[in-house]
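These are the residues of each chain, in order.
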Amino acid sequence: MDDDLDQLLKNLRLTKIHEILDEELARAAKTQSSYTELLSRLFRAQYLWKQQCSMEYRIRNAKLPERWTLETFPFKKQPGLRAKTVRELAQLDFIPRAENIVLIGDPGVGKTGIASAILLKALENGHGGRFIKAQDLFDDMYASLADRSSRLLINRLVRIDVLLIDELGYLNLKPEQCNIFFKLMDERYRRKATIITTNLDYDDWYGFLGNKKMVEALLSRLRHQCHTIKIDGPSLRTPKIQ
């Protein structure tokens, strides 16, 4: 590769072509490939590399704590969960329909693993997403009250294709935090998909969020287009006995 071509590829940010060009030129000479075949291989490699980089960026930006997958989830160890139901959701039809998924169950039954695996599938298929612990979300909401940035926080979260709120449960909340949470869910309603994991049945949300009328309105929206999965099974975190 001469210096001019080397610099052009760098300037155009054709990173993958720059990496494989010499190899592909040698291959083309050996196999007597046509110019069309050579260009197709080069641009296909560049395209696939760009797609991979884009996916990796979405995954990093989503802040997934681990890359759980449905292929590695121990469905056989969790009789309280129907694998067929989860795999149907992993087809991602719920995203364009802006439907919600709520996974309810005791700690350790696999709620976060299933939710994260579905989110990862969405990221791999070009959707934007974000994983956030409920405690961190409400902390951000509380902090936004101090500098009056609640509107900016809501706007940022509303745009996310798939928002995963993990471990929604008994937290010490102020009414202002509950109000911001309601606004967030209200503005995502029928626009974007939300996944929630929680150890609370819906009836327990009244005690958690406090304001009965607000909770009624929230649940009405959340459950209107929602797949509720209640996992009534053993904990997958049972320690092994030596």
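No experiment lies behind these values; they were computed from the predicted model shown.

## Some thoughts on the pattern of salt bridges
And step 1. This structure, assessed with the given rule, holds 12 salt bridges.
And step 2. Between glutamate 19 and lysine 16 there is a salt bridge, with the nearest N and O atoms lying 3.2 Å from each other. A residue pair is termed a helical-turn pair when its members lie 3 or 4 positions apart in one helix, as glutamate 19 and lysine 16 do in helix H2 (residues 15-31) at 3 residues.
And step 3. In this structure, the salt-bridge partner of arginine 67 is glutamate 56, at a minimum N-O distance of 2.8 Å.

## Thoughts on the side chain of glutamine 177
And step 1. Its place among the elements puts glutamine 177 in helix H8 (residues 175-188).
And step 2. From its side chain, glutamine 177 meets the backbone nitrogen of lysine 174 in a polar contact 2.7 Å long.
And step 3. In contact with glutamine 177, not counting residues within four places along its chain, are Phe138, Asp139, Met141, Tyr142 and Asn172.

## Some remarks on the environment of arginine 60
And step 1. Among the secondary structure elements, arginine 60 is positioned in helix H3 (residues 35-62).
And step 2. Given a relative accessible area of 55%, arginine 60 falls into the exposed group.
And step 3. The spacing of arginine 60 and glycine 129 is 69 residues in sequence and 10.0 Å in space, taken between C-alpha atoms.

## As for the sheet that holds strand S2 (residues 129-133)
And step 1. Taken in spatial order, the 5 strands make up an open sheet running S2-S3-S4-S1-S5, and their pairing is parallel. Bordering the open sheet on either side are S2 and strand S5 (226-231), each of which pairs with just one other strand. Mean inter-strand twist for the sheet, computed between neighbouring axes without regard to direction, equals 10°.
And step 2. As defined by bridge partners, strand S1 (residues 100-105) adjoins strand S4 (residues 193-198) across 4 bridges and the pair is classed as parallel. The residue bridging leucine 103 from the neighbouring strand is threonine 197, located in S4.
And step 3. Where H8 meets the sheet, it contacts strand S3 (162-168) and S4, and its direction lies at approximately 145° from that of S3.

## Here's the deal with the layout of surface pockets
And step 1. Counted as a void, the largest pocket has a volume near 410 Å³.
And step 2. The element that contributes the greatest number of residues to the lining of the largest pocket is helix H5 (residues 111-124), accounting for 3 residues.
And step 3. Of the residues in the lining of the largest pocket, the class split is 6 nonpolar, 9 polar and 6 charged.
And step 4. The space that makes up the second largest pocket amounts to roughly 200 Å³.
And step 5. Mapped by element, the contributors of at least two residues to the lining of the second largest pocket are H3, S2 and helix H7 (150-158).
And step 6. Across the lining of the second largest pocket, the residue classes break down as 4 nonpolar, 3 polar and 5 charged.

Parameters and conventions
- Residues numbered from 1 in each chain as written.
- Predicted model: local features only at pLDDT ≥ 70, side-chain atom pairs only at ≥ 80, totals over all residues.
- Heavy atoms only, no water.
- Salt bridge = Lys/Arg side-chain N within 4 Å of Asp/Glu carboxyl O.
- Helix = DSSP H or I, 4+ residues; strand = E, 2+ residues; numbered from the N terminus.
- Polar contact = N/O pair within 3.5 Å; in protein donor to acceptor, adjacent residues only side chain to side chain.
- Contact = heavy atoms within 4.5 Å.
- Buried < 20%, exposed > 50% of the residue type's maximum accessible area, 1.4 Å probe, protein only.
- Pairing = 2+ DSSP bridges.
- Axes fitted to C-alpha atoms, helices over the stretch in contact; angles between N-to-C directions.
- 1 Å grid on protein atoms, 1.4 Å probe; cavity = no way out; pocket = protein on both sides within 12 Å on 5 of 7 lines; lining within 4 Å.
- Points joined across faces, edges and corners; volume = space filled by probe spheres on them.
- Nonpolar A, V, L, I, M, F, W, Y, C, P; charged D, E, K, R; others polar.

The quantities given are spatial measurements derived from coordinates; they are silent on function.
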